[in-house]
Amino acid sequence: MPGAGPISGAISGSGPVGEQDAGSAPGRDPGPAGRELSQDPAQASGPGAAGRPGAGMAALSLPYQVVAAVALAVIGVLACVHLSMVFLHVAPSNTLTKQHGEAVDGWVYPEFEQNWKLFAPNPLQQNIAVQVRAEIAADDGTRRTTGWIDLSAQDAEAIRGSLLPSHTDQNELRRAFDFYLNSHTDDFRPNGLRGRLSENYLRRIVMLRLDREALGGEVEKIQLRSETRAVQSPSWSGERTSTDPRHRDLPWWSVTAADLPAGAKNDDRTEAGR
């Protein structure tokens, strides 16, 4: 029929006229509902959404907000105090460390001990070896004193050529000896509880080493010493350095049961025999 075309087009709304009837015709306001539906979802989750109530600490009730704020403040204060104490511990000697050295050491030791300094010192220019000799009680009742056994040389031999050297071989004996010297006076008197602890620690390490040696009897006493040699100057240097060894002997120590490895033959000794 000739008149069917225009009528069916108006009813179907499939052309531009139909799209304008859906609410997008110029001059017609879709209203608040229409604007809300047409809003971009990305805009709804933009920066402004984070400021709405219910996000972060704002979602907590007032008492919980107070508790959270106090907890954060306490953690911040503790972090600042800890960093300050560690800084003073590794910093060079200054007025604060001289006045408050005990407080700093009390905070750092033993959990937060630091084995470095803020400003690197001059590299070591000498080699220090730890040596030991022992007084042996033989089965026939005679006693004799061994020669000096170089424990540091044993560690160096174990490290040399190893792709994965043991941390024990590198540091155990050296740090134990440094611990002992730093916690004793020049005449080997302990300057506090750490002095006694360092002596016991060093004695046990030495006895573990001597347990590997075939000494021909029971160890009654031990004596340690340090041997210090200056590092030889390079050939291109005009500096002359003496490499003669210098020794520092420690006192003789009587061996007790507490110093012996587990299962040692003379484990029936007591601390009273020291």
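For the structure given in this document, a descriptive report is provided here. Predicted model only: the values in this text are computed from it and were never measured.

Looking now at the environment of Trp 148. Within the secondary structure, Trp 148 sits in the loop between strand S2 (143-145) and strand S3 (149-150). Residues Trp 148 and Ala 134 lie 14 residues apart in sequence; the distance between their C-alpha atoms is 8.2 Å.

Let us now look at the environment of Glu 135. Position of Glu 135 relative to the elements: it lies in strand S1 (residues 126-137). Setting aside residues no more than four positions away along its own chain, Glu 135 makes contact with Arg 143, Arg 144, Thr 145, Glu 218, Val 219, Glu 220, Lys 221 and Trp 252.

To continue, consider helix H7 (residues 95-108). The terminal C-alpha atoms of H7 lie 18 Å apart, and with 14 residues this matches the ideal 20 Å at 1.5 Å per residue to within 8%. Remark: the principal bend of H7, roughly 75 degrees, maps to Gly 101. Residues of H7 that are buried: Thr 97, Gly 101, Val 104 and Val 108.

Here the focus is the pattern of salt bridges. Here the structure, examined in full by the defined rule, presents 10 salt bridges. Measuring nitrogen to oxygen at the nearest pair gives 4.0 Å for the salt bridge that ties Arg 143 to Glu 220. Taken as a pair, Arg 143 in strand S2 and Glu 220 in strand S4 (residues 218-230) lie far apart in primary sequence, 77 residues in all. Here Glu 227 makes a salt bridge to Arg 229, at a shortest N to O gap of 3.4 Å. For Glu 227, a relative accessible area of 12% translates into the label buried. Taking the relative accessible area as the measure of exposure, Arg 229 reaches 36% and is therefore partly exposed. What you see here is one network of salt bridges that share partners, running through Arg 196, Glu 199, Arg 203 and Asp 259.

It is worth spelling out the packing of helix H8 (residues 151-159) against helix H9 (residues 167-182) at this point. Close contact between H8 and H9 brings their axes to 9 Å; oriented N to C, the two are set at 160 degrees. Taken together, the axis directions place H8 and H9 in an arrangement best described as roughly antiparallel. The chirality of how H8 crosses H9 is left-handed. Residue-level inspection shows Leu 151, Ser 152, Asp 155, Ala 158 and Ile 159 of H8 in contact with H9, the latter providing Asp 169, Gln 170 and Leu 173. Along the lines of polarity and charge, the residues of the contact of H8 with H9 split into four nonpolar, two polar and two charged.

Counting residues in hydrophobic clusters, the biggest one holds 24 residues, and the most contacted among them are Val 132, Leu 202, Val 206, Leu 210, Val 219, Ile 222 and Leu 224. Of all elements in the fold, only S1, H9, helix H10 (193-210) and S4 reach the threshold of two or more residues within this core. The biggest single contributor to this core is H10, with five residues. Filtering out sequence-adjacent residues up to four positions away, Val 132 remains in contact with Gly 147, Trp 148, Ile 149, Leu 151, Val 206, Leu 210, Ile 222, Gln 223 and Leu 224.

Each value, and the rule that gives it
- Residues numbered from 1 in each chain as written.
- Predicted model: local features only at pLDDT ≥ 70, side-chain atom pairs only at ≥ 80, totals over all residues.
- Heavy atoms only, no water.
- Helix = DSSP H or I, 4+ residues; strand = E, 2+ residues; numbered from the N terminus.
- Contact = heavy atoms within 4.5 Å.
- Expected span 1.5 Å × (residues − 1).
- Bend = angle between axes of the 7 residues up to and from the residue.
- Buried < 20%, exposed > 50% of the residue type's maximum accessible area, 1.4 Å probe, protein only.
- Salt bridge = Lys/Arg side-chain N within 4 Å of Asp/Glu carboxyl O.
- Axes fitted to C-alpha atoms, helices over the stretch in contact; angles between N-to-C directions.
- Parallel < 35°, antiparallel > 145°, perpendicular 65-115°, else oblique.
- Left-handed = near helix turned anticlockwise from the far one by under 90°.
- Nonpolar A, V, L, I, M, F, W, Y, C, P; charged D, E, K, R; others polar.
- Core = buried A, V, L, I, M, F, W, Y, C linked by side-chain atoms within 4.5 Å.

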